Amino acid sequence: MDDMMLLTFLATLAGAAWRLATPLIFASIGEIFSERAGVLNIGLEGTMLVGAFCGFATAFATDSVLLGLIAGIAGGMVFGLIFAFFTITIKADQIVVGAALNLLGLGLTAFLFRTYYVSTGKGIEIAQPINIPWLSDLPFIGEAFFRQNLIVYSTILVTILAALVLYRTSFGLTLRAVGEHPRAADVAGRNVAAYRYSAVLVGTGLAGLGGAFLTLGHSNQFVEGITSGRGFIALAVVVFARWSPIGAFFVSLLFGLFYALQLMLQAQASIVVPYQLLQALPYIMTIITLVVVRGKGAAPSKLGQPYDMR
Amino acid sequence: MSPKPFLRIENIRKRFGSVVASDGVSLEIDEGEIHALLGENGAGKSVLMSMICGMVRPDEGEIVYKGQSVRFNSPREAIRQRIGMVHQHFMLVPNLTVAENYILGQGSALRVINDMDKVHARIRELSERYALDVRPEARIEDLSVGEQQRVEILKALFHGIDLLILDEPTAVLTPQETDRLLALMGDLVKDGKTVVFISHKLDEVMRVSNRISVMRDGRLVKTVNVADTDARGLARMMVGRDVRMELPRGPAAPGRIVLSIENLACRSETGLPALRGVSLDVRSGEIVGIAGVSGNGQTELSLALCGLLPVDSGRVVLNGQDITGLDPARINARSVAHIPEDRHKHGIVLPLSLGENTILQRYNESPFATSGMLNRRPIREHTRDLIRRFRIKSRDVDQKISELSGGNQQKLVVARELARNPDFILVNQLTRGIDIGAMEFVMEEMLKQRDNGRAILLISTELEELFAICDRILVMFHGEILGELPPDRNRLDELGLLMAGQTANVVQPPLAG
Ligand SMILES: Nc1ncnc2c1ncn2[C@@H]1O[C@H](COP(=O)(O)OP(=O)(O)OP(=O)(O)O)[C@@H](O)[C@H]1O
Ligand SMILES: [Mg+2]
């Protein structure tokens, strides 16, 4: 490989990394909201699948990417509502409900897809890359960072917005209190349950968006289990990022890089590693990071615990 | 004509299941007074005050505040009426800053927080005015208990109050901090505020309050003017009998060395050096006290001894065996009992029952378990026995320990630890939150343990506690043992100097032989 080729390879890699990180950024930032409020939603995978399917089905019917994205968010939030009802109102175990939603999401989307869409075999129109004038013509950098679609660009906006909401609004302040010392928030006059509901809805809405990106901004098809574990990886991203949105953005990029590397190495005929091993790369990295980044960290202290008002 | 009372409580009743916490209490608080509330553990002091500040709703009765009948559904409503309370267990969110804690719950949920500078300035101003030394940008989790309490008081002032209720504010404070707090109460009253405070310490109650009310079994026994009473009289009103202020005790008969600490050094949880080469021995049959202003390594010493904090260097030898660096379960298993400083963090598990809490370390031992299965009956019997012996006010062995009053939780911890027949007993704040009647009892129990040949290390910021039962007192300063004194009240000055880190006077033999 000469230098030019290497640079091209790196530019393509960086661009792909950001694209592949996009669903992780949405889902993990959403999960940060949820967990900061003390609710551990391991049902991300199922929620993302629902988002991916709703986005696909809506775009299929309307030919509109925008409506698809909205439907993805809405689908995620419907799942969030189910989750919140069981875990916050009924106070069922969050892990159990989350696991159930993962199974439900997988089964439900597979069933609906097979029933209504699989025979059509048609794809949908997806979000097109937008070349940012002048910047996209920069050598290498242009290719990597300025020829993406709007959904990918929006991850920056979402990250900044999430950080602002979490650290600069009364809502975010209360969320952080609710996950750490719900009674103090209660005594201060905030409705703990309402905040946990909102946090779960923000979280699942973003997870739905992350899922919808897979069908509307990446592949143009829905496939059963299209998320292939991204929901779980997003959970790991949250831990690695220490519950910080900006951290989640960069950690997601890192994981995106593993995905991209895996894909591009597979395409390189000269490399003779079994492709299954390459495919496993992001998951192996997840396990390694979770082992390395252990220890007491910034986890909200009431994570996973229901709150009993006196 | 007497002025209308500032706050009048009329025949208030409150039950929790079968427990009557308030049994028709009537009480009057005057404007601008410091009113102390005394009573045994579980007498219903905290519950009564929680009803005034909107935390708990009364079943019956009336609260008349500034001439109007009020009924608060939440603490927020009480704060709006300028009533603030600092609870026995603080209401501060540890991962937020002081200022963030103060504005929590203020304004609309969707508000953008853009006035932080103003909030900080207000906090600084209030902090200066009352000499509270609170930094608005400090994170709660980095603050000591004493600091956290000042943060809580300032929080009430920040929200604007006319009535401040303090629930056992001095229980966790050092004597110096206590002096400071008592002075602060005086300042608040000068500013036209009214203070009600709960305490188990008669001397401070006598020092600052104008009037004192005593509660027993959910009823108000009496309200008296300070001038018309003394500590002995108050004690009798509280407990219903005379309380010995001085415990009779024989001389110690120290035997072999049970615990030996050699040059122990470790760092605090925040990574700063906390112990700088501590060496001491504790023999069987003696109680060794460690005095010191809190924050001088006492917490770390007790955590390190029970395996909750890694040791950097030095050794801990128990019964001739090196136990340095063993995990807490192994140390526990070697007959070490631990009465921790923070019962909620290291002593009990709040959502578990009394029975479950009494076998926390022994859940796997006979007769409480056979081949991995818990035996309910012996657990219950054992717990009932402790409850009876230590007069722990509770409803049932299966009730959650979080429902007990603070002092009764502490009594359960003490009872549990002593029941294990340990060789070595590590105590950090023995009587925290315990009423004077129970204090006498608990101290007597400790002396009995001593006379039975146990080795006891008592870390305490309460000098009275140390004088009452210790056989010798070591003083800790900046992570070192600065000196040793006999438990002689006449040498209080020397002790005070040592606690302030001044060794000069003590290195030479003391003045009076
Ligand atoms: N939430 C609750 N559920 C059940 N019982 C309760 C609850 N809160 C308080 N009690 C009971 O009410 C009684 C009075 O408790 P309270 O906390 O007012 O005592 P206290 O006078 O403050 O004692 P202490 O000095 O030990 O703090 C106790 O018997 C306690 O067990
Ligand atoms: Mg109390």
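These numbers come from a predicted model, not from an experiment.

## Remarks on the overall build of chain B
Inference 1: The helix and strand inventory of chain B stands at 18 helices and 22 strands.
Inference 2: For a compact globule of 513 residues, the expected C-alpha radius of gyration is about 24 Å, and chain B comes in at 24 Å, within 12% of that figure.
Inference 3: Taken along the three principal axes of its C-alpha coordinates, chain B extends 70 × 55 × 55 Å.
Inference 4: Every one of the 513 residues in chain B was classed for burial, and the buried ones make up 54%.
Inference 5: Expressed as a percentage of contacts within chain B between residues at least 6 apart in sequence, the contacts between residues at least 24 apart total 66%.
Inference 6: On chain B, roughly 22100 Å² of surface is accessible, and the fraction owed to carbon and sulfur atoms is 47%.
Inference 7: Across chain B, the centroid of the 65 positively charged side chains sits 4 Å from that of the 69 negatively charged ones.

## Here's the deal with the overall build of chain A
Inference 1: Tallying secondary structure elements over chain A gives 13 helices and two strands in all.
Inference 2: For 310 residues, the compact-globule estimate of 2.2 N^0.38 gives 19 Å, and the C-alpha radius of gyration of chain A, at 20 Å, lies within 12% of that figure.
Inference 3: Along the longest, intermediate and shortest principal axes, the C-alpha atoms of chain A span 70 × 45 × 40 Å.
Inference 4: Residue burial in chain A is summarised as follows: out of 310 residues, 52% are buried.
Inference 5: Within chain A, counting contacts between residues at least 6 apart in sequence, those at least 24 apart form 78% of the total.
Inference 6: As presented, chain A carries roughly 13500 Å² of accessible surface, and 71% of it is formed by carbon and sulfur atoms.
Inference 7: Distance between charge centres in chain A, computed from 17 positive and 14 negative side chains, equals 13 Å.

## Re the packing of helix α11 (residues 245-267) of chain A against helix α13 (residues 281-292) of chain A
All names here are of chain A.
Inference 1: It is at 8 Å that the axes of α11 and α13 come closest, and there the two elements cross at 150°. Considering the angle they form, α11 stands roughly antiparallel to α13. When the axes of α11 and α13 are compared, the crossing they make is right-handed. Contact residues: F255, F258, Y259, L261 and Q262 in α11; L281, P282, Y283, M285, T286 and T289 in α13.

## Quick word on the sheet that holds strand β3 (residues 34-39) of chain B
Residue and element names in this part refer to chain B.
Inference 1: What the six strands build is an open sheet, ordered β6-β7-β8-β3-β9-β10; its pairing is mixed. Each edge of the open sheet carries a strand with a single partner, namely β6 (83-86) and β10 (219-225). Pairs of neighbouring strands in the sheet enclose a mean axial angle of 15°, with direction left out of account.
Inference 2: Across four bridges, β3 lies against strand β8 (residues 194-198) in parallel orientation. Its bridge partner being in β8, L37 is matched across the sheet by I198.

## Thoughts on empty space enclosed by the protein
Residues and elements named next belong to chain B.
Inference 1: Within this structure, the stated rule accounts for three cavities of 30 Å³ or more.
Inference 2: Counted as a void, the largest cavity has a volume near 70 Å³.
Inference 3: S353, G355, E356, I359, L374, R376, I379, R380, V397 and D398 together form the lining of the largest cavity.
Inference 4: Listing elements by their share of the lining of the largest cavity, those giving two or more residues are α12 (354-358) and α13 (376-389).
Inference 5: Per element, the largest residue contribution to the lining of the largest cavity is three residues, and it comes from α13.
Inference 6: Taken together, the residues of the lining of the largest cavity sort by class into four nonpolar, two polar and four charged.
Inference 7: When its volume is computed, the second largest cavity comes out at roughly 60 Å³.

## Some words on the interface of chain A and chain B
Inference 1: Listed per partner, the contact involves 19 residues of chain A and 21 residues of chain B.
Inference 2: Across the chain A to chain B interface the summed buried area is about 1900 Å²; carbon plus sulfur atoms make up 62%.
Inference 3: When the buried area of chain A at its contact with chain B is split by residue, L173, V187 and R190 of chain A rank highest and sum to 27% of it.
Inference 4: Note that E100 of chain B and R176 of chain A form a salt bridge whose closest N and O atoms lie 3.2 Å from each other.
Inference 5: Where chain A meets chain B, there are nine residue pairs in polar contact (both at pLDDT 80 or more).
Inference 6: Elements with a contribution of two residues or more to the side of chain A that touches chain B: α7 (170-180) and α8 (182-187) of chain A.
Inference 7: By residue number, the principal contributor to the side of chain A that touches chain B is α7 of chain A, which donates seven residues.
Inference 8: Looking at the side of chain A that touches chain B residue by residue, the classes come out as eight nonpolar, five polar and six charged.

## What to know about the packing of aromatic side chains
Residues and elements named next belong to chain A.
Inference 1: Under the defined criterion, the tally for this structure stands at 18 aromatic pairs over all chains.
Inference 2: Judged by centre distance (5.3 Å) and plane angle (85°), the ring pair of F53 and F222 falls under edge-to-face. Here the residue F53 occupies a position in helix α2 (residues 44-62), and F222 occupies one in the loop between α9 (192-218) and α10 (230-240), the gap between them amounting to 169 residues. Exposure class is identical for F53 and F222. Each is buried.
Inference 3: Between the aromatic rings of F255 and F258, the centroid separation amounts to 5.8 Å while the plane-to-plane angle is 90°, which identifies the pairing as edge-to-face. Taken together, the residues F255 and F258, both in helix α11 and three residues apart, mark about one turn of the helix. Across this residue pair, the class does not change: F255 and F258 are buried.
Inference 4: In this structure an aromatic cluster arises from ring pairing among F53, F56, F60, F113, Y116, Y117 and F222.

## Regarding unusual backbone geometry
Residue and element names in this part refer to chain B.
Inference 1: Geometrically, the link from S366 to P367 is a cis peptide bond, its omega value of 0° lying close to zero.
Inference 2: You will see that N11, though not glycine, has its phi angle at about 50°, which is positive.
Inference 3: With respect to the secondary-structure elements, N11 resides in strand β1 (residues 7-16).
Inference 4: Phi at N421 takes a positive value of approximately 50°, unusual for a residue other than glycine.

## Description of helix α1 (residues 45-52) of chain B
Residues and elements named next belong to chain B.
Inference 1: The element α1 is extensively covered by neighbouring structure, given that seven of its eight residues are classed as buried.
Inference 2: Along α1, the residues classified as buried are K45, V47, L48, M49, S50, M51 and I52.
Inference 3: Following α1 by one or two positions, G54 has its phi on the positive side, about 85°.

## Examining the side chain of T159 of chain A
All names here are of chain A.
Inference 1: Assignment of secondary structure puts T159 in helix α6 (residues 150-168).
Inference 2: Overall, T159 belongs to the buried group, its relative accessible area being 4%.
Inference 3: Polar contacts involving the side chain of T159 include one to the main-chain carbonyl oxygen of T155, which spans 2.7 Å.
Inference 4: Excluding residues within four positions of it along the chain, T159 makes contact with I25, I29, P245, I246 and F249.

## Section: the environment of I392 of chain B
Residues and elements named next belong to chain B.
Inference 1: Topologically, I392 is positioned in the loop between α13 and α14 (406-418).
Inference 2: Measuring from C-alpha to C-alpha, the distance between I392 and A415 comes to 9.3 Å, with 23 residues separating the pair along the chain.
Inference 3: Beyond its immediate chain neighbours, meaning those up to four positions away, I392 contacts L386, I387, L404, N408, K411, L412 and A415.

## Remarks on the UniProt feature "transmembrane region" (unreviewed entry) in chain A
All names here are of chain A.
Inference 1: In the numbering used here, UniProt assigns the feature "transmembrane region" (unreviewed entry) to residues 37-58, 65-88, 94-113, 150-167, 197-219, 231-261 and 273-293.
Inference 2: With 96% helix and 0% strand, the stretch residues 197-219 has end C-alpha atoms that lie 32 Å from each other.
Inference 3: Taken end to end, residues 231-261 is 87% helix and 0% strand, and its two terminal C-alpha atoms sit 20 Å from one another.

## Brief notes about α11 of chain A
Because an α-helix completes one turn every 3.6 residues, residues spaced three or four positions apart along the sequence face the same direction.
Inference 1: Its 23 residues place the ends of α11 of chain A 33 Å apart at the C-alpha level, agreeing with the 33 Å of an ideal helix rising 1.5 Å per residue.
Inference 2: Listing the buried residues of α11 of chain A in full gives P245, A248, F249, V251, S252, F255, G256, F258, Y259, A260, Q262 and M264 of chain A.

## Digging into the side chain of T383 of chain B
Inference 1: With respect to the helices and strands, the residue T383 of chain B is situated in helix α13.
Inference 2: Under the relative-accessibility criterion, T383 of chain B is labelled buried at 0%.

How each quantity is defined
- Residues numbered from 1 in each chain as written.
- Chains lettered and ligands numbered in written order.
- Predicted model: local features only at pLDDT ≥ 70, side-chain atom pairs only at ≥ 80, totals over all residues.
- Heavy atoms only, no water.
- Helix = DSSP H or I, 4+ residues; strand = E, 2+ residues; numbered from the N terminus.
- Rg over C-alpha atoms; globule rule 2.2 N^0.38 Å.
- Buried < 20%, exposed > 50% of the residue type's maximum accessible area, 1.4 Å probe, protein only.
- Contact = heavy atoms within 4.5 Å.
- Areas by Shrake-Rupley, 256 points an atom, 1.4 Å probe, with all protein chains shown as cover.
- Lys, Arg positive; Asp, Glu negative; His and termini not counted.
- Charge placed at Lys NZ, Arg CZ, Asp CG, Glu CD.
- Axes fitted to C-alpha atoms, helices over the stretch in contact; angles between N-to-C directions.
- Parallel < 35°, antiparallel > 145°, perpendicular 65-115°, else oblique.
- Left-handed = near helix turned anticlockwise from the far one by under 90°.
- Pairing = 2+ DSSP bridges.
- 1 Å grid on protein atoms, 1.4 Å probe; cavity = no way out; pocket = protein on both sides within 12 Å on 5 of 7 lines; lining within 4 Å.
- Points joined across faces, edges and corners; volume = space filled by probe spheres on them.
- Nonpolar A, V, L, I, M, F, W, Y, C, P; charged D, E, K, R; others polar.
- Buried area = accessible area lost by both parts, 1.4 Å probe.
- Salt bridge = Lys/Arg side-chain N within 4 Å of Asp/Glu carboxyl O.
- Polar contact = N/O pair within 3.5 Å; in protein donor to acceptor, adjacent residues only side chain to side chain.
- Phe/Tyr/Trp six-rings, centres within 6.5 Å; stacked < 30°, edge-to-face > 60°.
- UniProt positions renumbered as here; feature names shortened; annotations may be inferred.
- Expected span 1.5 Å × (residues − 1).

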